[in-house]
Amino acid sequence: MQPDDTLLSGPMLLDREAIGDLALGAAFLGSGGGGDPYYATLLAEAELERRGPFEVIGLDALPDDALVVPCGWIGAPTVSVEKLPNGREAVDGLRRLEQIMGRRIDAVIPIEIGGSNGLAPLFAAARLGIPVLDCDGMGRAFPESQMAIFNIRGLSACPSILTDAAGSLSLIETGDNLAHERLARALSVAVGGIAHLVEYPLSGREAKDHAIHGTITAARDVGAAIRKARAASGDPFAAMFAALERTGLYPHAGVLFDGKITDIERETKDGFSVGRVVFESFDGANRMELDFQNENLMARRDGKVVAMVPDILTVMDRETADSITTERLKYGQRVKVVGAAAPAILREDRALRFVGPRAFGYAQDYVPIEEIAAWLKP
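Now for a look at the structure at hand.

Definitions and limits used
- Residues numbered from 1 in each chain as written.
- Predicted model: local features only at pLDDT ≥ 70, side-chain atom pairs only at ≥ 80, totals over all residues.
- Heavy atoms only, no water.
- Helix = DSSP H or I, 4+ residues; strand = E, 2+ residues; numbered from the N terminus.
- Contact = heavy atoms within 4.5 Å.
- Polar contact = N/O pair within 3.5 Å; in protein donor to acceptor, adjacent residues only side chain to side chain.
- Salt bridge = Lys/Arg side-chain N within 4 Å of Asp/Glu carboxyl O.
- Buried < 20%, exposed > 50% of the residue type's maximum accessible area, 1.4 Å probe, protein only.
- Pairing = 2+ DSSP bridges.
- Axes fitted to C-alpha atoms, helices over the stretch in contact; angles between N-to-C directions.

1. Focus: the environment of D164
Here is step 1: If you trace the backbone, D164 turns up in the loop between strand 7 (160-163) and strand 8 (169-172).
Here is step 2: The contact partners of D164, leaving out residues within four places of it in the chain, are N86, E89 and V191.
Here is step 3: Polar side-chain contacts of D164 include one of 2.5 Å to the side chain of S168.

Here's what the structure looks like:
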């Protein structure tokens, strides 16, 4: 849970401009993952034309006995570039969960604020006539379901519903959230590599106690800062860093590397996009390597670790500050690698067991980015 000053005092309506801002901010918070928000933005704009602005409310407006449902996409982002959704996956999954729970869903949230998944609940909420809550389950994007704060806090992912573009629907019931992730991942591979997942049904009280508050507002504000700086011919990176600090969730941020991509290894494996990207400074004096599993995990500059998961690592176009998701990284791109501190809730010892470097197979403990990063000066 976050301080009360991150909560909305009243409903927030997302219009076309705010949707664009949210997409920009969510792309950054995805740490390279969560899926490119371009197609999700198009879907949101189409829904906006049909139904008007999307409603986002603070958790303080939610009754304790409400039914709140997180949702988002599971699978390899590389597949999502070519295998587009049919637009009904989320609605079908949520409707089936209502049948199972025997009651109406009162609100939805993104399972993660990062990338396309930061926008994923908007269309379903509009079609069901319910609001989206100003929070999410990860404060960024992570590649696996059990990395959600709800699992870290001991809540069950089930009952869970997986749907795909061909209209199939699978109910997942397990007693273990790691088993849930493995089953959902295998199903997503079986249906073509990408699917929609409804999971971790919550009471209003559980959402208030455990969700990461204020992240939709934070993503929107970060995106707005980038947009406004571009329009004023200012520095979008400086504007973004100031906006991140103002959120209170991401207090430290800066540029870790400035250069071009000189090598990339990437494959789709076991439902993930995994690989490594290499950057070289323009003068050839410095080199950075970045590992990823859907999301960017570990950055080494000239052989020294300068940032690691759960802190945010995003590759961005050095001129526009557009975030480049891992499936869109290409040889020769001129970029800045940007780091930002993760929300404090993800740095707690019990969270690091699930989202720290050792959870991804690295043989080292987590060190906060502000303690090891060598920020580049503007």
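2. Here's the deal with the pattern of salt bridges
Here is step 1: Evaluation of the coordinates by the stated rule reveals 31 salt bridges.
Here is step 2: With a shortest N-O distance of 2.7 Å, D21 and R227 are connected by a salt bridge. Here D21 is found in helix 1 (residues 16-29), whereas its partner R227 is found in helix 9 (residues 215-231), with 206 residues between them in sequence.
Here is step 3: Its salt-bridge partner being E144, residue R182 comes within 3.4 Å of it at the nearest N-O pair. One end of the pair, R182, is in helix 7 (residues 177-190); the other, E144, is in the loop between strand 6 (135-136) and helix 6 (149-152), and 38 residues separate them in sequence.
Here is step 4: Shared partners join several salt bridges into a network, and the residues in it are D263, E265, R276, R287 and E289.

3. Focus: the environment of E98
Here is step 1: Residue placement: E98 occurs in helix 4 (residues 89-101).
Here is step 2: By relative accessible area, which is 12% here, E98 ends up buried.
Here is step 3: For E98, the contacting residues outside a window of four places in its chain are R103, R104 and I105.

4. Points about the sheet that holds strand 18 (residues 323-324)
Here is step 1: Pairing is antiparallel across the open sheet formed by eight strands, whose spatial order is 16-15-14-13-12-19-17-18. If you trace the sheet from one side to the other, it starts and ends with strand 16 (304-308) and strand 18, each paired once.
Here is step 2: Pairing analysis gives seven bridges linking strand 12 (residues 253-269) to strand 19 (residues 334-340), with the strands arranged antiparallel. Within strand 19, the residue paired with G254 across the bridge is G339.
Here is step 3: Seen against the sheet, helix 10 (residues 236-247) touches strand 12, strand 17 (312-317) and strand 19 and runs at an angle of roughly 15° to strand 19.

Function cannot be read off these values alone, since they describe shape.
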